[in-house]
Amino acid sequence: MKILLAEDDGETGAYISKGLNAEGHSVDHVLNGRDALTQSMTQPYDLLILDRMMPELDGLSLLKALRAAHNTAPVILLTAMGGLDERVDGLKAGADDYLVKPFALAELSARIQALARRPVLQKEVTELQVADLKLDLLTRQASRAGHEIDLQPREYLLLEYFMRRPGRVQTRTMLLEAVWDIHFDPKTSVVETHISRLRGKIDKPFNKPLLQTLHGVGYVLQP
Amino acid sequence: MNKRWRPWTNIVGSFSMRFAALLSLVFTVAVLLAGALSYILLSQELKTRLSNEARQMAENLAIVYQADGLEEVINAIDAGVMSTKDHSNLYLFLDNNLQKVAGNFELAAPFSGVKDISDSVIFSGEDREGNNQGEQYLAFGKKVSEGWIITARDTSWLVDSREVLIQSVAWGLGAALLLAVGTALFLAHQNERRIERLGAILDSAAFGDLGQRFAEPGRANDDITRIALQVNEVLGRLAQNIENLQQVTTDVAHDMRAPLTRLRTKLEPHYLRGDLPKDTQHDLQKAMSEMDTIVSTFDAILRLAQIESGSANIARLPVDLSAICLTMGEMLEPVAVELGHELTVNCGAEVLVNGDKDLLSQAIVNLIENAFNHCPAPALIELTTGITDAGAFFKVCDSGHGIEEQERTAVLQRFYRLEKSRSNAGNGLGLSLVNAIAIAHHGQITLSDNAPGLCATFKFSRNNESMIN
């Protein structure tokens, strides 16, 4: 993907660029909002990563200007403010996602992946399948290798979320936001426990585990 | 701000109304006193005039008698009687044998000087049953050598004048009182509305909206305006302080997160390499997790400061407390099992409150996680929602050690940690955050004994119903 990164902290920007380059993206790094505006107006990007606080032109104003100019490229806002309204303000201004510093590179890259391949609503799809794991979206029944699996409602949502994104890393915060719609960090191991429960049903009785943990990064349903 | 009907009791109890009532009372007493005084003075004056007139009439007749003799006096009396057929003036000449010689009334006993003869006057002839029976008369008697000249003046118009005076005072007083009470009610109502507006502005300021000001274009300066101007000034200063605070937190956030981000960018690639010795890998993970703790404590402080200062935009939308409790309870139930506890959720019927779903979810999660952390396993933890007459509530009760009564207020303060749990995880901000969230929702947190254990109840006040913007 061709990505524009606007980050005024050179060191952080360089690290992010390096990390994203290593994942096969091509990254242009600019150090202020005005350069980001010029750059994004002259070249098409698949994704913009904008720091919220930048000299010359802050990320939020830049984003508003881009949206006003009908630039529809997906935008991830990076921010040093973890406040209550910050996320809402960012999303209102037209950001597609929002990340509070400091963040794990894996978190950013998982979110880039999610934006790049947003699940398209396929109305005709009534069944999801990953390897021998199947999920009937009409009867809400899961089965693996022909064995029916009983799921609690939230386990069903969690599994559906993973099955719609096979092979893609899902971080803890992404799961908290998507499955439980909460935007704060519970102190206890909520996600871990639910994943472990789900694993107990879809993986444990079978030979090949599908739901894998990437330590320090997140989880992935690997076909 | 929604308009509320102000009951009259509020106006009656208002300062302006009481002041107006007091003024009206003083005014009434003053008018009554003035009326009474006028009544007395007027009566005396009129009485003196009438007796003077009666005397004058008698003196005139006496002069005629002295000059021209009895015959002329009788003629004069007859002429007087003829000209006052309405008996407004009375004339009588009694001879020394007390026989009536001339005049238009009779009198049993003659006298000299002024006398009220209302009770003893008798009209003669066709007037015996006349209209003037019972009228009031003031008479003057004068002795002359052949008898007595007695003249009298009808004083009934004196009584009429008094009645007119009383009536005019009564009507005047009534009208003035009506006007005074009406004006007082109008002013009190107006003042009450202004005070109410000022109160509403202070209310919204207490919950974070510092943008409202009291404005009354074109109104002259009075006490309320002066106080309102002071309130405006204080609100302006407060808003400025909050803006400064926000600027500081923004700066601090930026200046602290930037190096932390750089630190992470230094650590993370090594952590992800996977070819380092296990110990180093472990240390790196520990360092990163410590860093996450710093960030999360910092986030909690920021969040708390924002909620407490009212600078956070808190949603005020109708949310079903029971639905949130069910979701959060269901989310934490497996964690409870993992930790060896039992979490029961009693959230049935819909409990609607106005508030911020995110913050209320966080309050519920914090309270339950608090119980997880402080109760030795296995503990029974219960999450309940409901509505009482006092308002909606949710509560988290556990079967742990509880908190000593004297420490229950202190644990709501930031960074306060019970000595016995100091070794436990947590930053001492969880309960103070819940407390701040409660206050931001016009509610309160109460901690009570669950014998054994602790009940933390998040109560919404009835005011919460009017919170929708």
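Reference entry: report on the structure contained in this document. Predicted model only: the values in this text are computed from it and were never measured.

About the thresholds
Residues numbered from 1 in each chain as written. Chains lettered and ligands numbered in written order. Predicted model: local features only at pLDDT ≥ 70, side-chain atom pairs only at ≥ 80, totals over all residues. Heavy atoms only, no water. Helix = DSSP H or I, 4+ residues; strand = E, 2+ residues; numbered from the N terminus. Polar contact = N/O pair within 3.5 Å; in protein donor to acceptor, adjacent residues only side chain to side chain. Pairing = 2+ DSSP bridges. Axes fitted to C-alpha atoms, helices over the stretch in contact; angles between N-to-C directions. Contact = heavy atoms within 4.5 Å. Phe/Tyr/Trp six-rings, centres within 6.5 Å; stacked < 30°, edge-to-face > 60°. Buried < 20%, exposed > 50% of the residue type's maximum accessible area, 1.4 Å probe, protein only. Disulfide = S-S within 2.5 Å. 1 Å grid on protein atoms, 1.4 Å probe; cavity = no way out; pocket = protein on both sides within 12 Å on 5 of 7 lines; lining within 4 Å. Points joined across faces, edges and corners; volume = space filled by probe spheres on them. Expected span 1.5 Å × (residues − 1).

### Things to note about the side chain of Asp51(A)
Alright, step 1. Residue placement: Asp51(A) occurs in strand β3 (residues 47–51).
Alright, step 2. Of the polar contacts made by the side chain of Asp51(A), one reaches the side chain of Lys101(A); its length is 3.3 Å.

### Re the sheet that holds strand β6 (residues 127–130) of chain A
Strand pairs in the sheet, formed through backbone hydrogen bonds, run parallel or antiparallel to each other.
Residues and elements named next belong to chain A.
Alright, step 1. Pairing in this open sheet of four strands is antiparallel, and the strands run β6-β7-β8-β9 from one edge to the other. Edge positions in the sheet fall to β6 and β9 (147–149), since each has one partner strand and no second. For this sheet the average axis-to-axis angle between neighbouring strands, irrespective of direction, equals 25°.
Alright, step 2. Pairing between strand β8 (residues 141–144) and β9: three bridges, direction antiparallel. Paired with Ser 143 across the two strands is Glu 148, which belongs to β9.
Alright, step 3. Seen against the sheet, helix α6 (residues 153–163) touches β6, β7 (133–136) and β8 and runs at an angle of roughly 115° to β7.

### Some details on the packing of aromatic side chains
All names here are of chain B.
Alright, step 1. All told, the structure shown has three aromatic pairs over all chains when counted by the stated rule.
Alright, step 2. Geometrically, the ring pair formed by Phe 394 and Phe 458 is stacked, given 4.7 Å between the ring centres and 25° between the ring planes. Note that Phe 394 is positioned in strand β12 (residues 391–398) and Phe 458 in strand β14 (residues 454–460), a separation of 64 residues in sequence. Neither residue differs from the other here; Phe 394 and Phe 458 are each classed as buried.
Alright, step 3. Taking the centre distance of 5.0 Å and the plane angle of 40° together, the rings of Phe 458 and Phe 460 count as tilted.
Alright, step 4. Judged by its relative accessible area of 0%, Phe 458 is buried.
Alright, step 5. In this structure Phe 460 comes out as buried when scored by relative accessible area, which is 3%.

### Quick notes on the sheet that holds β3(A)
Residues and elements named next belong to chain A.
Alright, step 1. Strand order in the open sheet formed by five strands is β2-β1-β3-β4-β5, with parallel pairing between adjacent strands. Of all strands in the sheet, those with a lone pairing partner are β2 (26–30) and β5 (97–100), marking the two edges. Mean inter-strand twist for the sheet, computed between neighbouring axes without regard to direction, equals 20°.
Alright, step 2. Against the sheet, helix α2 (residues 33–42) makes contact with β1 (2–6), β2 and β3, and its axis sits at roughly 160° relative to β1, the strand it touches most.

### Re the state of the cysteines
Residue and element names in this part refer to chain B.
Alright, step 1. Considering all chains together, one arrives at one disulfide over all chains under this definition.
Alright, step 2. Each sulfur of the disulfide joining Cys 397 and Cys 455 lies 1.9 Å from the other. With the S-S bond torsion at 105°, the cross-link from Cys 397 to Cys 455 turns out right-handed. Of this pair, Cys 397 sits in strand β12 while Cys 455 sits in strand β14, placing them 58 residues apart in sequence.
Alright, step 3. Assessed through its relative accessible area of 6%, Cys 455 is described here as buried.

### Points about empty space enclosed by the protein
Alright, step 1. A full pass over the atoms with the stated rule returns one cavity of 30 Å³ or more.
Alright, step 2. Size it by volume and the largest cavity reaches roughly 40 Å³.
Alright, step 3. Residue lining of the largest cavity: Tyr15(A), Ile16(A), Phe103(A), Ala104(A), Leu105(A), Thr261(B), Thr265(B) and Glu268(B), and that is the complete set.
Alright, step 4. Listing elements by their share of the lining of the largest cavity, those giving two or more residues are α1 (10–22) of chain A together with α5 (223–273) of chain B.
Alright, step 5. Top element by residues in the lining of the largest cavity is α5(B). It accounts for three residues.

### Focus on α5(B)
All names here are of chain B.
Alright, step 1. When the terminal C-alpha atoms of α5 are compared, their 73 Å separation across 51 residues agrees well with the 75 Å that a helix rising 1.5 Å per residue should span.
Alright, step 2. The opening residue of α5, the one whose side-chain oxygen lies 3.2 Å from the backbone nitrogen of Ile 224, is Asp 222.
Alright, step 3. Following α5 by one or two positions, Gly 274 has its phi on the positive side, about 80°.

These values are about where atoms sit, not about what they do.
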